[in-house]
Structures are given as C-alpha cells and as structure tokens.
Amino acid sequence: MSKNFDVVVIGGGPGGYIAAIRAAQLGFTTACIDEWKNAKGGPAPGGTCTNVGCIPSKALLQSSEHYEHAGHAFAEHGIDVKGLSLNLPQMLARKEGIVKQNNDGILYLFKKNKVTFFHGRGAFAKAEGGLYEITVSGAAEEVISAKHVVIATGSTPRVLPGAPYDEKLILSNDGALSLDAVPAKLGVIGAGVIGLEMGSVWRRLGSEVTVLEALPVFLGMVDEQIAKEAGKLFAKQGLSINLGVKIDAVKAGKKDVTVEYVDAKGVEHKAVFDKLIVSIGRLPNTVGLNGDAVGLKLDERGFIAVDGDCKTNLPNVWAVGDVVRGPMLAHKAEEEGVAVAERIAGQHGHVNFNTLPGVIYTSPEIAWVGKTEQQLKAAGVAYKVGTFPFMANGRARALGDTSGMVKFLADAKSDEILGVHIVGPLASELIAEAVVAMEFRASSEDIARICHAHPSLSEATKEAALAVDKRALNF
Ligand code: FAD
Ligand code: NAI
C-alpha cells in the first residue's frame, strides 16, 4: 500500500517548499520531494535559490563589497586599514554556513507545518482512480500517491554549444560561487543578471573581468535610462562589458580557456581567461519527472505548459516557478506556490505579474517594478516622468553612496503609477514601497504626499514622485 497524501509537491525550491507549507497550513496532508544533496549527501532543500542561487550569491556579494570598501572606501571615512588581506576560504565557509542555515530552516518549517519530506527524485508512475502514483528514488525508495500534484522542479543553466560546464574552467553559477582562488583574468559570457552579479563579486576580489554579451543593448529588460546609467557606473568600476559580440569558439586548455569572438565592429579577438563563467539563461528542468507516464504536456520551449492559474493539461496537476513561463525569480515561484495551494483549497489565490519586482544586486543595485519607458512608448501610452538623483539625497551622501537615481513613470491623465525604476544604494529595499503603491493603484501624488523619514534613501522616492509634477524640493 502506497502512502497517500492530499497534495504531493515535487521539488523543494522556493516554489515547491512554499507551496507545501501553504497546502499544509490549509489542512491538507502534504508531502514534498526534493533531490538536492549537500556535500555529505544529506538533504539540502531550498533548490537553486538556496544552494547555488539567490542566497550564496548575496552572501558573496556582501562579503566582496565589505572587502572592496575596506580597501577603497574606508579611508574617506577616516578609517585607515593596514595589511588588508583576503581570506577566501573563510568567505566561502561563511557562505556555505548561510546556505546550511537556510537548508535546516526549511527542514524545520516542514516539521513545524507537518509536511512529510522525502529526500530523492520524484517521478510519475501512473494515474489511476483519480490518484497519481509517484515513485521516490534516492536514500529511501518509496511509492506515494496523491490527488493533487504540484510540480516545482526548477531550472538548470543553459549550455553554450561547444562549451560544456566542467565547473573547473568553464563555470555555471555553481562553479562561479565556489572558486577556491581569485582568477587573475575572468571571462563572462552573457551580461545578464548572473553575469553582472558574479562578475561584480570576482572583480571586487581582484579579477580583471571581461563580459561578452551577444545583444547590442545592455540590460534590455531594464528601463533604458536606468540601464545606461548602470552601464556607465559599471564601466567606471572597471567591469569591461562588450555588447554585440559573436562567440565563435570556446576552447578549454589545461589551465585556461580561450574564447574566440568577433566584436560589434567586426574585429576578431582571441581572449585567454583563467576561468570562464557562462551565464546565458536557464532552461526548465523536467528531466527525471517521467511526465510521459501520465501525458504531461510541455510547451514549445520545453516548459511545462500551464494556463494563467498554473494548471497543467492534467486534472489536479499544477506547475509553478522556473519550470513554467514567466520570469525566473524566487519570489515569482513563491507567489505561484501560495496561489496554487489556495486554488486547491477552492480559494482565489492570484499572482499579479505587473507588480513583480526585479532586482539586480550589483553595486549600485538596480530594481524595478511595472512598465519601462520603452514599453510605454511602444504601447502608445501617454505618461509623465519624474526623476531624482541620489546625489541630492542627504542619507546617500552620509552613506557615501550617491550614484544613481529614482525614476517614476505615471499615467499622463490619471497620474496612476505605471512603473518605478531605481539604480542606487539599497534599491532592492526601496522598490518595496513602489510595489505596495502599485498594488493599491496609487498615483505619484499619493507617494509625493506621504511623509518619509529624514534623512533616508526613501526620500529620493518621494522626491521622484514630486518630480512627476515638476515640484521636487531638493533638486
Ligand atoms: P529551484 O529553486 O530550481 O528548485 C527546484 C528543486 O527541485 C531543486 O532542489 C531540484 O533539485 C528539485 N528537483 C528537480 N527535479 C526533481 C525531481 N524529479 N524530484 C525531486 N526533486 C527535483 N531569484 C531571485 O528572485 N532573486 C535572486 O537574487 C536570485 N539570484 C539568483 C542567483 C543565481 C546565481 C541563480 C542561478 C538564480 C538566482 N535567482 C534569483 C533565481 C532563483 O534561484 C529561481 O528563480 C528560483 O530558485 C526558482 O525556484 P523553483 O522552486 O522554481 O526552482
Ligand atoms: P539572463 O537571461 O539574465 O542573461 C543571459 C544573457 O546572456 C542575456 O543578456 C543574453 O542576451 C546573453 N546571451 C545569450 N546567449 C548568448 C551567447 N551565445 N553569447 C553571448 N551572450 C549570450 O540569464 P542568466 O544571467 O543566466 O540568469 C538566469 C536567470 O536567473 C535569469 O532569468 C534571472 O531571472 C535569474 N537570476 C535572478 C537574479 C536576481 O533576481 N537578482 C540573480 C541571478 C539570476
């Protein structure tokens, strides 16, 4: 007799573990299956995000920023640091410790919420009598069944043809987060989110970083004005970003990697790097799920096909997170996980794609929500713009971090906020106010009339809102 649950979640990343907790909170008997292993072979729930994504990358971004500040920024504050040196093993050990805290935290949350955890790979076996039978293979072999299944199997890095990851010379995000020495010359293919974040980490720690990007525009998904400003700031920091590049060949040698490419002007190059990060997007992970056994449909791009409510083609089978359409973001996966659990309970869970914030955790950070100026232009929407530079913000001056700006886009007639874009200090935190405002369909005047603490970076948000009506006070 197989163990039966109301809900089985396959995948324990942010989409899966959150869906499982919410389902259990709603009174369902719930199981979550996740196959990620830690270095000792034990369970490490949390998926890409916890193990080789959001969490370890932010840990290294923080550590490397401290190192850079100690070397370059402290002197201005009257703090002289002598004999500064990098203890990379300690930096990596700290990162691993944070990852473990998160893994253990999820196991604790499963216990607290009475979610049964299975460590292993979950695969569909059959559908019979309104139940799905799922095999778990791993540390313990099990067969379990459920009426409702939530698939949250995430994504894996896309391989550049001819340049498979060996995680020694050619690195995915996994290898890029665990280098045991700072490479003198680091190549990065792809100037997307991973390329910029990981490129920033290793540049701060001493690498000469060259980023090679196929597209002729920098950060096409970001508001053009903000992307331009960010591009200038990154160049000033010494990150060499080359746009419109065509990669011809990647050749891994014994100790280095040669990349042959043609630049935007048609000039051929042969660049030799000590390490090469390839960050050219990610692909949905459906390997091992055995969806064919139950007739699970994929879309033309290999994602699990779902409707707006995350329903697959199969009754009571849902899919959330990176394995389905939409931005590959942990908070998007979580929102979908919660919404699906609530829909299973007959509630009306919903995810508002227009108010999903995006953040790039470089320095300065880039954060946005809603429409970009280029999107509004393309859609023929009449809009007003208000911008405010951090240079004119007292708290930013006190912090010693005055780069960047806040930008508001509001409807020309109704003044409803259509988009907010920030490049600057703690943009990841500042954007939350804009998300709340947009969820409540606030106008820029609403934000302009709200009292913001002084001195705070959030005053730049208020001032940018005031600037929509051309009445900024401090600029
Ligand atoms: P995942 O997190 O990929 O989890 C899927 C889990 O399912 C994995 O544990 C996998 O082992 C398991 N699994 C797969 N198949 C099976 C199976 N058949 N049986 C059992 N288990 C299975 N997003 C942000 O929002 N903010 C960030 O700062 C951020 N930083 C990132 C940095 C990097 C370097 C990377 C690579 C990604 C980052 N992301 C970030 C993206 C984020 O990690 C993903 O969007 C998020 O992890 C997706 O969650 P998920 O639950 O869909 O899938
Ligand atoms: P990405 O989609 O952000 O960037 C990939 C870049 O590689 C693009 O600019 C693309 O034009 C370029 N590219 C593609 N093929 C190329 C080629 N052959 N040669 C040169 N350039 C090429 O993908 P990335 O950085 O791999 O990240 C994957 C996902 O992880 C993203 O979708 C993102 O959502 C998520 N992520 C989120 C983070 C965050 O929220 N802060 C941090 C890191 C990753």
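The following paragraphs examine the structure supplied in this document. All values derive from a computational prediction rather than experimental measurement.

**Details of the environment of R471**
Note on placement: R471 falls in the segment after α13 (458–468). The partly exposed category is assigned to R471, whose relative accessible area is 36%. Taking the C-alpha atoms as reference points, R471 and A140, separated by 331 residues in sequence, lie 65 Å from one another. Sequence-distant contacts of R471, defined by excluding residues within four places in its chain, comprise R449 and L466.

**Focus on the site of ligand 2**
In the region of ligand 2, 22 residues are neighbours, and I194, E213, G281, M328 and V359 sit closest. R158 places a polar side-chain atom, nitrogen or oxygen, 3.3 Å from a nitrogen atom of ligand 2. E213 places a polar side-chain atom, nitrogen or oxygen, 2.6 Å from an oxygen atom of ligand 2. Isolated, ligand 2 exposes 840 Å² of accessible area, and the fraction of that covered by the protein chains is 76%. Counting residues per element, the shell around ligand 2 draws most heavily on helix α6 (residues 193–204), at three residues. Counted by class, the shell around ligand 2 contains 13 nonpolar, four polar and five charged residues.

**So, the sheet that holds strand β19 (residues 383–389)**
If you walk across this open sheet you meet the five strands as β17-β18-β21-β20-β19, and the pairing is antiparallel. The sheet is open, and its two edges are formed by β17 (358–360) and β19, each paired on a single side. Direction aside, neighbouring strands of the sheet carry axes that sit 10° apart on average. Where strand β18 (residues 365–370) and strand β21 (residues 417–424) come together, six bridges link them in antiparallel fashion. What sits directly across from A367, in β21, is I422. Strand contacts of α13: β19 and β20 (405–411), with the helix running at about 140° to β19, the strand carrying the most contacts.

**Observations concerning the packing of aromatic side chains**
Considering all chains together, one arrives at five aromatic pairs under this definition. Plain terms: the ring middles of F5 and F118 are 6.0 Å apart, the flat faces sit at 85° to each other, and that makes the pair edge-to-face. With F5 in strand β1 (residues 3–10) and F118 in strand β3 (residues 115–128), the pair connects residues that are 113 residues apart, well separated along the chain. Here F5 matches F118 in class, with each residue buried. Seen from their ring centres, F218 and F234 are 6.2 Å apart, and the 90° between their planes marks the pair as edge-to-face. Note that F218 is positioned in the loop between β9 (208–212) and α7 (224–237) and F234 in helix α7, a separation of 16 residues in sequence. Residue F218 shares its accessibility class with F234, and that shared class is buried.

**Quick look at the side chain of K95**
Inspection of the secondary structure assignment puts K95 in helix α4 (residues 88–113). According to the relative accessible area criterion, K95 is buried, its value standing at 3%. Setting aside residues no more than four positions away along its own chain, K95 makes contact with P56, A59, L60, L177 and S178.

**As for the sheet that holds β9**
Taken together, five strands build an open sheet; the order of strands is β7-β14-β8-β9-β10 and the sheet is parallel. The sheet is open, and its two edges are formed by β7 (170–171) and β10 (240–242), each paired on a single side. Here strand β8 (residues 185–189) runs beside β9; their pairing, made up of five bridges, is parallel. Looking at the pairing, V188 lines up with V211 of β9. Each of β8, β9, β10 and β14 (275–278) touches α6; the most contacted strand, β9, lies at about 165° to it.

Definitions and limits used
- In every chain, residue numbers begin from 1 and rise along the written sequence.
- Chain letters and ligand numbers both follow the written order, the letters beginning at A and the numbers at 1.
- Restriction of local features to residues with pLDDT of at least 70 applies here, the model being predicted, together with a cutoff of 80 or more for giving and counting side-chain atom pairs; totals for whole chains, interfaces and linings are based on all residues.
- Side-chain metrics rest on all non-hydrogen atoms present in the structure, leaving aside hydrogens and water.
- For the purposes of this entry, the term helix denotes a DSSP run of H or I that reaches at least four residues, the term strand denotes a run of E that reaches at least two, and both are numbered from the N terminus.
- Partly exposed residues are those whose accessible area sits between 20% and 50% of the maximum for their type, while under 20% is buried and over 50% is exposed, using a 1.4 Å probe and protein chains only.
- Every residue pair with non-hydrogen atoms within 4.5 Å of one another is taken to be in contact.
- Nearness is judged by heavy atoms alone; a residue qualifies as near a molecule or strand once a single heavy atom is within 4 Å of it.
- In protein, a polar contact means a hydrogen-donor-capable atom and an acceptor-capable atom, both N or O and within 3.5 Å, with residues adjacent in sequence counting only if both atoms are side-chain atoms; elsewhere, any N or O pair within 3.5 Å suffices.
- All accessibility values rest on the Shrake-Rupley procedure with a 1.4 Å probe; residue burial counts only the protein chains present in the view.
- Classification used: nonpolar for Ala, Val, Leu, Ile, Met, Phe, Trp, Tyr, Cys and Pro, charged for Asp, Glu, Lys and Arg, polar for all others including Gly.
- A pair of strands is considered paired only if DSSP assigns at least 2 bridges between the two.
- Here an angle of 0 to 180 degrees is reported between the N-to-C directions of two axes, which are lines fitted to C-alpha atoms, with helices fitted over the stretch in contact.
- Pairing of aromatic side chains here covers Phe, Tyr and the six-membered ring of Trp, requires ring centres within 6.5 Å, and sorts the geometry by plane angle: under 30 degrees stacked, over 60 edge-to-face, intermediate tilted.

Keep in mind that these numbers describe shape and distance, not what the molecule does.
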